[in-house]
Amino acid sequence: MARLSHWLLASATAAALMAGTAQAQESNRFVMVTHGVPSDPFWSVVKNGAEAAAETVGAELEYRAPSTFDMAKMQQLVEAAVASDPDGLIVSFTDEDALGGVIQEASDNGIPVITINSGGDVAHKYGARLHVGQSEYEAGKRAAERMQEMGVEKAICVNHEQGNQGLDQRCDGFLEGFDGNAEQLATTYDPTSIRNAIVAYLNENSDVRGVLTLGALAAEPMLQAMREQGATDMFTLGTFDLSPGILEALEADELDFAIDQQQYLQGYLPVMFLEQHAKNGLLPAGDVATGPGFVTPENAAQVLELSEQGIR
C-alpha cells in the first residue's frame, strides 16, 4: 500500500508539473509599439493598462517606444516586432506613410493587429482588426464648440508633434469648429520652446482668447507661461489628455477643461481582446471608442484620485 501511495503521489506530481509546463508554453506573447516618448505621462498610463491586462490573463507583453518622436525609428520597432512573429501586435498608428505597409505585412503574415490612439480612420485599410481610441477630428471639433460656448471668438491650437496624424486631426477639427477663426501654432515638444512660442504668439495676436494644447507635453509649459504672466483668468484654456499636473490645474481652476480619452483602456482592452482572439477566435465586431469625454474643475478631484493610481 505504501508503495502504491508513493507511486500515485509521484504520478500526480509529475502530471501537475507537465500541466504547468504546458500551461506556461501556451501563454501568448503580444507586442505593443507606441510613439509615446518617455517624458509623456499619458503613455505611462497606457503601459500600465496593458501590463495589468497581461498579468490578468497570463500573457507576455513587450512594450516598445522610440526615445523621441521619430517615425523612422518607430517603423523600425514595428518591423522588428513583426519579424518576431508575436501572437498579436498593438500599434499607435500615427503615420500612414511610415506604418501602413508594415501593418499590412503583419496582417498578411497572420498576425492580428489592433491599432490604438491614432489612425482609426485608416487602420482597416491596412488589415488592422480593430481600433481602440477616439475620433481625433471630432474631439477637436467638440473642443472648439466648448470654447465657443464659453465666449471665445478666436483661438489657437498648439501642435507639439506636427506630422503625428492624430494630433494633426485634432487641430484640423478644432480649426473647422471655429470656422476660420482659429490657427495652428506648430512647436517642438521641448517645454521651453512651447512656452516661448505661445507667449510670442499671444503677444502678437491680442484678439486671441482661447488656447488648446494637444497633450500634457504642451499643456504644462502653457500653464507655466500663464502663471508667470498672471493670465490664467484672461484666457479660456483647454487641452487633450490627462496628467497629474493637468488635473491639479483643473482642480485649482487654472484650466477650463481637458479632453479625456481614457488611455488606460487603450492599453488594457487590446491585450484582453488579443487574448480572447488567440484562445477563442473572438473579437468585437467594431471599433471601440474610449473618448472623448471632458474633465472640468467640477469633477477633477475624483479623476485625480485615479491618476495617483496610474489609471487616469
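One can find the structure itself at the top, above this paragraph.
What this report covers is the structure whose coordinates are included nearby.

Thresholds applied
- Residues numbered from 1 in each chain as written.
- Predicted model: local features only at pLDDT ≥ 70, side-chain atom pairs only at ≥ 80, totals over all residues.
- Heavy atoms only, no water.
- Helix = DSSP H or I, 4+ residues; strand = E, 2+ residues; numbered from the N terminus.
- Buried < 20%, exposed > 50% of the residue type's maximum accessible area, 1.4 Å probe, protein only.
- Areas by Shrake-Rupley, 256 points an atom, 1.4 Å probe, with all protein chains shown as cover.
- Lys, Arg positive; Asp, Glu negative; His and termini not counted.
- Charge placed at Lys NZ, Arg CZ, Asp CG, Glu CD.
- Disulfide = S-S within 2.5 Å.
- Pairing = 2+ DSSP bridges.
- Contact = heavy atoms within 4.5 Å.
- Axes fitted to C-alpha atoms, helices over the stretch in contact; angles between N-to-C directions.
- Salt bridge = Lys/Arg side-chain N within 4 Å of Asp/Glu carboxyl O.

Details of the overall build of the protein
Next up, step 1: Assigned secondary structure in the protein consists of eleven helices and twelve strands.
Next up, step 2: Dimensions of the protein along its principal axes, counting C-alpha atoms only, are 95 × 40 × 35 Å.
Next up, step 3: The proportion of buried residues among the 312 residues of the protein is 49%.
Next up, step 4: By element, 47% of the accessible surface of the protein is carried by carbon and sulfur atoms, the whole surface being about 13900 Å².
Next up, step 5: Across the protein, the 17 positively charged side chains and the 45 negatively charged ones have centroids separated by 5 Å.

Some remarks on the state of the cysteines
Next up, step 1: Following the criterion strictly, the structure yields one disulfide and no others.
Next up, step 2: Disulfide partner of cysteine 157: cysteine 171, at an S-S distance of 2.0 Å. Classification of the bridge connecting cysteine 157 and cysteine 171 rests on its S-S torsion, roughly -90°, and on that basis the disulfide is left-handed. Of the two residues, cysteine 157 sits in strand β6 (residues 155-159) while cysteine 171 sits in helix α6 (residues 165-177), which places them 14 residues apart along the sequence. Neither cysteine 157 nor cysteine 171 differs from the other in exposure class; each is buried.

Overview of the sheet that holds strand β1 (residues 29-33)
Next up, step 1: The strand order across the open sheet built from six strands is β2-β1-β3-β4-β5-β11, with neighbouring strands paired in parallel fashion. Of all strands in the sheet, those with a lone pairing partner are β2 (60-64) and β11 (288-289), marking the two edges.
Next up, step 2: In terms of strand pairing, β1 meets strand β3 (residues 88-91) through four bridges, oriented parallel. Paired with phenylalanine 30 across the strands is glycine 88, a residue of β3.
Next up, step 3: Each of β1, β2, β3, β4 (113-116), β5 (130-133) and β11 is contacted by helix α10 (residues 263-280), which is oriented at about 155° to β5, the strand it contacts most.

Brief notes about the pattern of salt bridges
Opposite charge on two side chains lets them pair, provided their charged atoms get close.
Next up, step 1: Scanning the model with the defined rule gives ten salt bridges in all.
Next up, step 2: Note that aspartate 241 and arginine 170 form a salt bridge whose closest N and O atoms lie 3.3 Å from each other. Remark: arginine 170 occurs in helix α6 and aspartate 241 occurs in the loop between β9 (236-240) and α9 (244-251); sequence separation between them is 71 residues.
Next up, step 3: Accessibility expressed as a relative area gives 6% for aspartate 241, which makes it buried.
Next up, step 4: Accessibility expressed as a relative area gives 2% for arginine 170, which makes it buried.

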